[in-house]
Amino acid sequence: MVKKAFLSLLFLACLITVNAQETKEDIQKKQQQLKNELASLNKMLNDIKASKKQSLGQLALVQKKIETRQQLINNMNTEIKALNNDIYKNSLEIYRLRKELDTLKRNYSKSLVFAYKNRSNYDYLNFIFSATSFNDAIKRVAYLRSYRQYRETQVTAIMQTQQLMENKITTLTNNKTQKNTALKDQSSQLVILEND
């Protein structure tokens, strides 16, 4: 039951990740568009300020400027929410990878202890020659080889999991940096909105 819930949660997180990445690009495009619109409105406002007769136009432009800046701030909120989702998912993935890495290391250490206890050549030869038939001896040799390959596979799995975890940590750090930048942009926009 718990396994099914975890798998469905993991599947949902994957779907959200795909949508979040598309949304991030759209959000950033929308932010750039809104910033361009604000620059255009500022230019128009400066042109209108030169002529006092057009005070109604100035008022309308100020209202439009405030509205556009509010849209920009809302867009930034959406980006921050998407970054929070990414940070949460990456934190969960790092936690999962740490647990998996601990399990892999524990299993590998157990296999090393077993190999150390049975390390002498005499034990290997005794294991092989105690076979009841030639086919049994061949199977025992194959077993010893497969056990050695199993330990090598464990080392490879540990290294791959460590690399994957390091990549996720880097991604998490980048997400946090992006979030901090977005929060700074948002606070500066809020100050400008208050001034407007």
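So, a few notes on the structure that sits alongside this text. All values derive from a computational prediction rather than experimental measurement.

Cut-off values and rules
All residue numbers refer to position in the chain's written sequence, counted from 1. Where totals are concerned, whole chains, interfaces and linings use all residues; where local detail is concerned, this predicted model gives features only for residues with pLDDT of at least 70, and gives and counts side-chain atom pairs only at 80 or more. Excluded from the side-chain calculation are hydrogens and water; included are all heavy atoms of the structure. Helix and strand definitions follow DSSP, with helices as H or I runs of at least four residues and strands as E runs of at least two, each counted in order from the N terminus. Think of it in three bands: residues with accessible area under 20% of the maximum for their type are buried, residues over 50% are exposed, and the middle band is partly exposed, with areas taken using a 1.4 Å probe on protein chains only. Any two residues having at least one pair of non-hydrogen atoms within 4.5 Å are treated as being in contact. Values of accessible area rely on a 1.4 Å probe in the Shrake-Rupley scheme; residue burial ignores everything except the protein chains shown. Only one rule defines a salt bridge in this text: a Lys or Arg side-chain nitrogen within 4 Å of an Asp or Glu carboxyl oxygen. What makes a nonpolar core is a set of buried Ala, Val, Leu, Ile, Met, Phe, Trp, Tyr and Cys residues whose side-chain atoms join them at distances within 4.5 Å. Counted as a polar contact is a pair of N or O atoms within 3.5 Å, where, for protein atoms, one must be capable of donating a hydrogen and the other of accepting one, and residues adjacent in sequence contribute only when both atoms are in side chains.

## Some remarks on the overall build of the protein
Move 1: Tallying secondary structure elements over the protein gives four helices and zero strands in all.
Move 2: Put simply, the protein runs from its N terminus to its C terminus through helices and strands in the order α-α-α-α.
Move 3: Within the span of the protein, comprising 196 residues, buried residues form 24% of the whole.
Move 4: By sequence separation, contacts in the protein at least 24 residues apart represent 80% of the contacts at least 6 residues apart.
Move 5: Here the protein has roughly 14,200 Å² of accessible surface; of this, 57% comes from carbon and sulfur atoms.

## Quick word on the pattern of salt bridges
Move 1: Per the stated rule, a full pass over the model turns up four salt bridges.
Move 2: Put simply, Asp86 and Lys89 hold a salt bridge, and the shortest N to O gap is 3.7 Å. With Asp86 and Lys89 both in helix α2 (residues 55-117) and three residues apart, the pair spans about one turn of that helix.
Move 3: The exposure class of Asp86 is buried, given its relative accessible area of 8%.
Move 4: Looking at Lys89, the relative accessible area reads 14%, which means it is buried.
Move 5: We note a salt bridge from Arg96 to Glu100, for which the minimum N-O separation is 2.8 Å. Of this pair, Arg96 and Glu100 both sit in helix α2, four residues apart, which is roughly one turn of the helix.
Move 6: Look at Arg96 and you get partly exposed, because its relative accessible area is 28%.

## Observations concerning the side chain of Asn75
Move 1: Along the chain, the position of Asn75 falls in helix α2.
Move 2: Apart from residues lying up to four places away in sequence, Asn75 is in contact with Ile27, Lys30, Gln31 and Leu34.

## Concerning the nonpolar core
As a rule of thumb, soluble globular proteins bury nonpolar side chains together.
Move 1: In this structure, Ile87, Ile94, Leu97, Leu101, Leu104, Ile158, Met165 and Leu172 together form the largest nonpolar core, which totals eight residues.
Move 2: Elements with a minimum of two residues in this core: α2 and α4 (134-195).
Move 3: The element contributing the most residues to this core is α2, with five residues.
Move 4: Once you skip the residues sitting within four places of it in the chain, Leu101 turns out to touch Ile158, Thr161, Gln162 and Met165.

## Observations regarding the environment of Met165
Move 1: Following the sequence through the fold, Met165 ends up in helix α4.
Move 2: The exposure class assigned to Met165 is buried, which follows from its relative accessible area of 12%.

## Description of the environment of Ile128
Move 1: Mapped onto the fold, Ile128 is located in helix α3 (residues 121-129).
Move 2: Taking C-alpha positions, Ile128 is 9.3 Å from Leu144, a pair spaced 16 residues apart along the chain.
Move 3: Sequence-distant contacts of Ile128, defined by excluding residues within four places in its chain, comprise Ala137, Arg140, Val141 and Leu144.

## Side note on the environment of Asp102
Move 1: Checked against the element boundaries, Asp102 lands in helix α2.
Move 2: Once the C-alpha coordinates of Asp102 and Ile158 are considered, the two residues, 56 residues apart in sequence, prove to be 9.0 Å apart.

## Details of the side chain of Gln189
Move 1: Looking at the element boundaries, Gln189 is found in helix α4.
Move 2: Given the relative accessible area of 10%, Gln189 is considered buried.
Move 3: Engagement of the side chain of Gln189 in a polar contact is seen with the side chain of Arg69, the distance being 2.4 Å.
Move 4: When residues no more than four places from it in sequence are discounted, the contact partners of Gln189 are Leu38, Arg69, Leu72, Ile73 and Met76.

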